[in-house]
Amino acid sequence: MALLQILRPTLPILIGASVMLTLSMGLRQSFGIFMQPLTKDIGISVSDFTLALAVQNLAWGFLQPVAGALTVRYGFRPIMIVGTLMYIVGLALMATAQGMIPILIGAGLLIGFSLACTANAIAMSVSARAVPATVRSTVMGMVSAAGSLGALVSAPIGQMLNEGFGWRAGVAGFVILSLFMLPAAWYAGRADKIPLPPKAADDIGDASASTAAKIAFGNASFVVMTCAYFVCGMQLVFLTTHLPSYLLICGLDPMLSAQTLGMIGGFNVLGSLFFGWAGQRWNKLALLGGIYVFRSIALAWYFMLPATPATTLLFGAIMGFLWMGVGPLVAGAVAEMFGLKWQAMIQGLAFMSHQIGSFLGAYGGGLIYDQLGSYTMAWRIGVALGLAGGIIQVAFALIRPSEPPRQMQAA
């Protein structure tokens, strides 16, 4: 009850951020459902389709710090509204595509730009602004958990429309779902009216954008977190892009891919709540490294076994629990290091590394499959890099757990 009393004045903001996040993430995580029918229908290769998704991830990553900086100047609401409109147009282009170019522009560039304005970094920054520091990590975990429901809803809807009426109907259904992002972004934009907390002595709130970026990259803890974040993007986007294709190759029911993505979304809720709660109590950066290690172990276990419906659904549950829990941990760590004013931009700088990994997970996985006819080499690379990144992250967090992150001031 105490938590509810604290949150009651800002519930519209938190609900709006949650709905916006759940749709922006859930819809794009379900694109893999359409890969096989779409590529056959319009005559492009698997690697062509994954190139569009890879471009989406790069556009998202490199625009994220720009979108974060623009929220400081213009506020959250206009950035989120523009991003939502770009999402709707991108899906519409994808639904009507007759060749590679509309897929590249719609599913790639436009949705990539949109995600920079509507997904994790912005939603977490809105949530952090709306609540006091004493419950910040827990609340960001709750918003991340609510944001995890998108795949649970969109994947089965997309698959049913895809099987019943074709892939274009499935994407058209996604266009309709994306319209609900508009009122959600509007309500989340009320965060603009909430003042920043009083500036601490070592806060960087008065710094310029360029100075804030220099301070961030001068912090060793931030740099290690950013490098390890690469692994997160590579593993997750490889799965969302290629798991439906892998299950089809294994001769399993196409609906299993949607059920697995839904399982990921459902257990994502539990994982986000847990890691938001845990981040309020333990070292956030060590928890991040633990997520990467356990994800890698789960990947190795699943792909070394023959794929069955039971192991696939269990794998989806494990990966779901370890999925978006990184969101509140990364956002909370950045807020602790650098304050709230530049949180979205600095989190975006770390996210660029995540998205380079996403590019390699989507496009690299497609190239390996086209060249070798299997995903074996791709998952082995993902496991090896994941274990290395996770172990380094945990070790550094435990060796240097209390580095003063904001005392340096750039010239």
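So, a few notes on the structure that sits alongside this text. As the structure is a prediction and not an experimental result, all values here were calculated from the model.

Turning our eyes to something else, we now look at the overall build of the chain. Within the chain one finds 19 helices and zero strands. A compact globule built from 411 residues should have a C-alpha radius of gyration of about 22 Å, and the chain, at 20 Å, falls within 12% of that. Counting only C-alpha atoms, the chain reaches 60 × 45 × 45 Å along its principal axes. The buried share of the chain, taken over its 411 residues, is 61%. When contacts within the chain are restricted to residue pairs at least 6 apart in sequence, long-range pairs at least 24 apart make up 87% of them. Of the roughly 15,100 Å² of accessible surface on the chain, a fraction of 72% belongs to carbon and sulfur atoms. For the chain, the separation between the mean place of its 19 positive charges and that of its 11 negative charges on side chains is 9 Å.

All right, on to the environment of Y187 then. Here Y187 shows up in helix α11 (residues 181-188). A relative accessible area of 39% means that Y187 is categorised as partly exposed. Y187 has contacts with P12, I13 and G16, leaving out every residue within four places of it along the chain.

Another aspect to go through is the packing of aromatic side chains. Taken as a whole and assessed by the stated rule, the structure comprises ten aromatic pairs. Judged by centre distance (5.1 Å) and plane angle (75°), the rings of Y302 and F303 are edge-to-face. A residue is classified by how much of its surface remains accessible, and Y302, at 1% relative accessible area, is buried. Given the relative accessible area of 9%, F303 is considered buried. Aromatic ring contacts, followed pair by pair, group Y302, F303, F315 and W379 into a single cluster. In this structure, R77 is placed above the aromatic ring of W186, and the distance from its NZ or CZ to the ring centre is 3.9 Å.

Now for the side chain of T84. Mapped onto the elements, T84 comes out in helix α5 (residues 76-95). Accessibility expressed as a relative area gives 0% for T84, which makes it buried. In contact with T84, other than residues within four places in its own chain, are S114, T118, S178, M181, L182 and A185.

Attention now moves to the environment of L398. Within the fold, L398 resides in helix α19 (residues 376-399). Assessed through its relative accessible area of 57%, L398 is described here as exposed. Put simply, L398 and A286 are 112 residues apart on the chain and 6.8 Å apart in space, counted from C-alpha to C-alpha.

Here we take up α19. Helical geometry: 3.6 residues make up each α-helical turn, so side chains three or four residues apart lie on a common side. Between its terminal C-alpha atoms α19 stretches 35 Å, which fits the 34 Å expected from 24 residues at 1.5 Å a residue. Among the residues of α19, A378, W379, G382, V383, G386, G389, G390, Q393, F396 and A397 are the ones counted as buried. Buried-residue contacts for α19 involve α13 (220-249), α15 (284-304) and α18 (343-372).

Residue placement: L63 occurs in helix α4 (residues 46-74). The class for L63 is partly exposed, based on a relative accessible area of 25%. Counting along the chain gives 289 residues from L63 to M352, while the straight-line C-alpha distance between them is 8.4 Å.

Now for the packing of α13 against helix α17 (residues 326-338). Between α13 and α17, the least distance of the axes is 12 Å, while the angle of their chain directions is 165°. Judged by the angle between their axes, α13 and α17 are roughly antiparallel. Of the two possible hands of crossing, α13 and α17 adopt the one that is left-handed. Contacts from S221, F222, M225, Y229 and C232 of α13 reach α17 at V326, V330, A333, V334, M337 and F338. Here the residues of the contact of α13 with α17 are counted per class, giving ten nonpolar, one polar and no charged.

What follows is about helix α7 (residues 120-130). Most of α7 is tucked away, with eleven of its eleven residues classed as buried. Listed as buried for α7 are N120, A121, I122, A123, M124, S125, V126, S127, A128, R129 and A130.

Time to look at the pattern of salt bridges. Under the criterion given, the structure shown has one salt bridge. Residue D41 is joined to R168 by a salt bridge in which the shortest nitrogen-to-oxygen separation is 3.6 Å. With D41 in helix α3 (residues 35-42) and R168 in helix α10 (residues 167-178), this pair connects stretches of sequence that are 127 residues apart. For R168, a relative accessible area of 25% translates into the label partly exposed.

Time to look at the side chain of Q235. Residue placement: Q235 occurs in helix α13. With residues up to four places along the chain from it excluded, the contact list for Q235 reads Y292, R295, S296, L299, G382 and G386.

A contiguous nonpolar surface patch, about 310 Å² in accessible area, is contributed by W301, L305, L314 and I318. Mapped onto the secondary structure, L305 falls in the loop between α15 and α16 (309-321).

What counts as what
- Residues numbered from 1 in each chain as written.
- Predicted model: local features only at pLDDT ≥ 70, side-chain atom pairs only at ≥ 80, totals over all residues.
- Heavy atoms only, no water.
- Helix = DSSP H or I, 4+ residues; strand = E, 2+ residues; numbered from the N terminus.
- Rg over C-alpha atoms; globule rule 2.2 N^0.38 Å.
- Buried < 20%, exposed > 50% of the residue type's maximum accessible area, 1.4 Å probe, protein only.
- Contact = heavy atoms within 4.5 Å.
- Areas by Shrake-Rupley, 256 points an atom, 1.4 Å probe, with all protein chains shown as cover.
- Lys, Arg positive; Asp, Glu negative; His and termini not counted.
- Charge placed at Lys NZ, Arg CZ, Asp CG, Glu CD.
- Phe/Tyr/Trp six-rings, centres within 6.5 Å; stacked < 30°, edge-to-face > 60°.
- Lys NZ or Arg CZ within 6 Å of the ring centre and 35° of its normal.
- Expected span 1.5 Å × (residues − 1).
- Axes fitted to C-alpha atoms, helices over the stretch in contact; angles between N-to-C directions.
- Parallel < 35°, antiparallel > 145°, perpendicular 65-115°, else oblique.
- Left-handed = near helix turned anticlockwise from the far one by under 90°.
- Nonpolar A, V, L, I, M, F, W, Y, C, P; charged D, E, K, R; others polar.
- Salt bridge = Lys/Arg side-chain N within 4 Å of Asp/Glu carboxyl O.
- Patch = residues over 30% accessible without salt bridge, like charges linked within 9 Å, V, L, I, M, F, W, Y side chains within 5 Å.

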